[in-house]
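Listed below are the residues making up each chain.
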Amino acid sequence: VLEGTATLMLGGTLVGPDEISPGEWRSKHADGGERVSIGKGDLIVVPRGTPHQRTVTGKSFSMILIKVFAEPAKQ
């Protein structure tokens, strides 16, 4: 996290998920999970397949997101 604060939900079960690309699922809602506050300087590692959702609590939130795929992307 570079700036600001947010709430991160980790775990739980996606409700009505859609596969947006092979192996990547999205949903507007998830049931269960643990909510944690994150802020500037925090590093979060989300294991593959773990549902997660970020809710920004301020206007100045910024972060760097690095995705690691199981296989190289086809070009």
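Keep in mind that what you see is a predicted model, and the values were worked out from it rather than measured. (Residues numbered from 1 in each chain as written. Predicted model: local features only at pLDDT ≥ 70, side-chain atom pairs only at ≥ 80, totals over all residues. Heavy atoms only, no water.)

### Brief notes about the layout of surface pockets
Note the threshold: For cavity detection a 1 Å grid was placed over the protein atoms alone, and a set of points counts as a cavity when a 1.4 Å probe fits there but cannot get out; an open set counts as a pocket when protein lies on both sides within 12 Å along at least five of seven lines, with lining residues being those that have an atom within 4 Å of a point. Grid points are joined across faces, edges and corners, and a volume is the space filled by probe spheres set on the points. Numbered from the N terminus, helices here are DSSP runs of H or I no shorter than four residues, and strands are runs of E no shorter than two. Under the scheme applied, nonpolar residues are Ala, Val, Leu, Ile, Met, Phe, Trp, Tyr, Cys and Pro; charged residues are Asp, Glu, Lys and Arg; polar residues are all the others, including Gly.
Taken as a whole, the largest pocket spans an internal volume of roughly 1,600 Å³. Every residue lining the largest pocket is counted, 37 residues in all, and those nearest its centre are Glu24, Val46, His52, Leu65 and Lys67. The set of elements that each furnish at least two residues to the lining of the largest pocket consists of β1 (5–10), β4 (24–26), β5 (29–31) and β7 (52–56). By residue class, the composition of the lining of the largest pocket is 22 nonpolar, eight polar and seven charged.

### Considering the confidence of the model for the chain
For clarity, the cut-off: Values of pLDDT, ranging from 0 to 100, describe the predictor's confidence in every residue of the model.
In the predicted model, the chain carries a mean pLDDT of 88, and 97% of its residues have values of at least 70. Per-element averaging of pLDDT across the chain places β5 at the bottom with 86 and strand β6 (residues 34–39) at the top with 93.

### Structural notes on the sheet that holds β7
Worth spelling out the cut-off: Whether two strands pair depends on DSSP finding at least two bridges between them. To obtain each axis, a line is fitted to C-alpha atoms, and for helices this fit is confined to the stretch in contact; angles are then taken between N-to-C directions over 0 to 180 degrees.
Across the sheet, three strands lie side by side as β6-β1-β7; this open sheet has antiparallel pairing. Edge positions in the open sheet fall to β6 and β7, since each of these has one partner strand only. The mean angle between the axes of side-by-side strands here comes to 25°, regardless of whether they run parallel or antiparallel. Where β1 and β7 come together, five bridges link them in antiparallel fashion. Note that in β7 the partner of Leu8 across the bridge is Arg54.

### Quick look at the environment of Met9
Note the following rule: Whether a residue is buried, partly exposed or exposed follows from its accessible area with a 1.4 Å probe, protein chains only, as a fraction of its type maximum: under 20%, in between, or over 50%, in that order. Pairs of residues are marked as contacts when any of their non-hydrogen atoms sit within 4.5 Å.
Following the sequence through the fold, Met9 ends up in strand β1. Residue classification places Met9 among the buried positions, given a relative accessible area of 3%. On a C-alpha basis, the gap between Met9 and Ile64 in space is 18 Å, while along the polypeptide they are 55 residues apart. Setting aside residues no more than four positions away along its own chain, Met9 makes contact with Ala30, Gly32, Gly33, Glu34, Arg35, Pro51, His52 and Gln53.

### As for the nonpolar core
Heads up, the condition is: The definition of a nonpolar core used throughout is a set of buried Ala, Val, Leu, Ile, Met, Phe, Trp, Tyr and Cys residues joined through side-chain atoms within 4.5 Å.
Listed in full, the five residues of the largest apolar core are Val1, Ala6, Leu8, Ile38 and Phe61. What Ile38 contacts, discounting residues up to four positions off in sequence, is Val1, Gly4, Thr5, Ala6, Leu8, Ile44 and Phe61.

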